[in-house]
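Given next are the chains, with one letter for each unit.
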Amino acid sequence: MKKSITYLKYIINFLLIALALDIVSKGMKFPLIVLEKFDLIHKNPSADFSNSDFILLTCNLILLIYMGWLLFKLRKTVYDSESKSLFSKENKSVFKKVGHGFIYYSIAIFIIRVMELYSEKMGIIDNPSAYDFGRSLGYSLGYNLGELIGDRIPLLVIGIFILILADLIQNGYDLKQENDLTI
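Residues numbered from 1 in each chain as written. Predicted model: local features only at pLDDT ≥ 70, side-chain atom pairs only at ≥ 80, totals over all residues. Heavy atoms only, no water.

### So, the packing of helix 1 (residues 2-37) against helix 2 (residues 51-80)
The description of two packed helices rests on the angle between their axes and on the distance between the axes. Put simply, the rule reads: Geometry is summarised by axes, namely lines fitted to C-alpha atoms with helices restricted to the contacting stretch, and by angles between N-to-C directions that run from 0 to 180 degrees. Helix and strand assignments come from DSSP, with helices taken as H or I runs of at least 4 residues and strands as E runs of at least 2, each series counted from the N terminus. In this scheme, roughly parallel covers angles under 35 degrees and roughly antiparallel covers those over 145, while 65 to 115 is roughly perpendicular and the rest are oblique. Here a crossing is called left-handed whenever its near helix is offset anticlockwise from the far helix by less than a right angle, and right-handed whenever the offset is clockwise. Under this grouping Gly is polar, as are all residues other than the nonpolar Ala, Val, Leu, Ile, Met, Phe, Trp, Tyr, Cys and Pro and the charged Asp, Glu, Lys and Arg.
Contact pair helix 1 / helix 2: the axes reach a minimum separation of 9 Å and the direction vectors enclose 155°. Taken together, the axes of helix 1 and helix 2 are roughly antiparallel relative to one another. Here helix 1 and helix 2 pass one another in a crossing that is left-handed. When grouped by side-chain class, the residues that make up the contact of helix 1 with helix 2 number 21 nonpolar, six polar and seven charged.

Right under this line is the structure:
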C-alpha cells in the first residue's frame, strides 16, 4: 500500500510540474497582450493579438489555476494519508471532486481550444495562400478538431481513473468499517 501511495505522489507531483510549466508559458503571453492593448509597446506584426485572444488566454489561465487548485488538494490528501488511513469518507469525496474536476477541465479546455482554432481559421479564409497544399478548409478544421479531441483523451482517462480510485476508497472504507465491527 505504501508503494502505491508513493507512485501516486510521483504522478501528482509530475502533473503539478507540467501544470506549472503550462501556467508560466501562458502567463508570459498575458503581459504582452496587456501592454499592446494599452499601446505601451509597439505592435509586432507577427504577434497580432485581438480581444478574443485576450479573453481566451484569460479563460485558459483561470482553468489552469483551477486545475492547480485541484491537484494541490489531491496532493494534500495523499500526503496526509500517510499519518492516517487512506480509506475515509473525506478522502473519497476529495478524490471524487478531483475526478469530476479533471473531466470538467477537459471539456472546458476543449471548448476553448475549438474557439481558438475557429478564430485562427477565420483569418485563413481571407488568405488564399493557406490552400497551398491542396487541402480544403473543411479538411483542415476536421483534422484539427480530431487532434484536439485526441489531446483531451488523456485528461479524461485520468479523471475517470481518479473516480475509480474514489470508488475503491469507498469500498475500502466500507470493508474497514465491517472489519472494525467484527473484532
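### Considerations on the pattern of salt bridges
Going by this rule: Every case where a carboxyl oxygen of Asp or Glu lies within 4 Å of a side-chain nitrogen of Lys or Arg is listed as a salt bridge. Accessibility here uses a 1.4 Å probe with only protein chains present; expressed as a share of the type maximum, an area under 20% marks a residue as buried, one over 50% as exposed, and anything in between as partly exposed.
Following the criterion strictly, the structure yields four salt bridges and no others. Ionic pairing is found between D22 and K26, a salt bridge with its closest N-O pair at 3.8 Å. Within this pair, D22 and its partner K26 are both found in helix 1, separated by four residues, close to a single helical turn. On the basis of relative accessible area, K26 is assigned to the buried category, the value being 14%. A salt bridge links D80 to K76; the shortest N-O distance between them is 3.7 Å. Of the two residues, D80 and K76 both sit in helix 2, four residues apart, roughly one turn of that helix. According to the relative accessible area criterion, K76 is exposed, its value standing at 56%.

### Some details on the packing of aromatic side chains
Short version of the rule: For Phe, Tyr and Trp, rings pair up if their centres lie within 6.5 Å, where Trp contributes its six-membered ring, and each pair is then called stacked (planes under 30 degrees apart), edge-to-face (over 60) or tilted (otherwise). We call a charge positioned over a ring when the NZ of a Lys or the CZ of an Arg lies within 6 Å of the ring centre and within 35 degrees of the ring normal.
Tallying each qualifying case throughout the model produces one aromatic pair. Above the plane of the ring of Y79 lies K9, whose end atom (NZ or CZ) is 4.6 Å from the centre.

### Re helix 1
Put simply, the rule is: By this rule the span expected of a helix is its residue count minus one, scaled by 1.5 Å.
Between its first and last C-alpha atoms helix 1 spans 52 Å; for 36 residues at 1.5 Å apiece the expected length is 52 Å, and the two agree. Of the positions making up helix 1, those classed as buried are I5, L8, K9, I12, L15, L16, L19, K26, I33 and E36.

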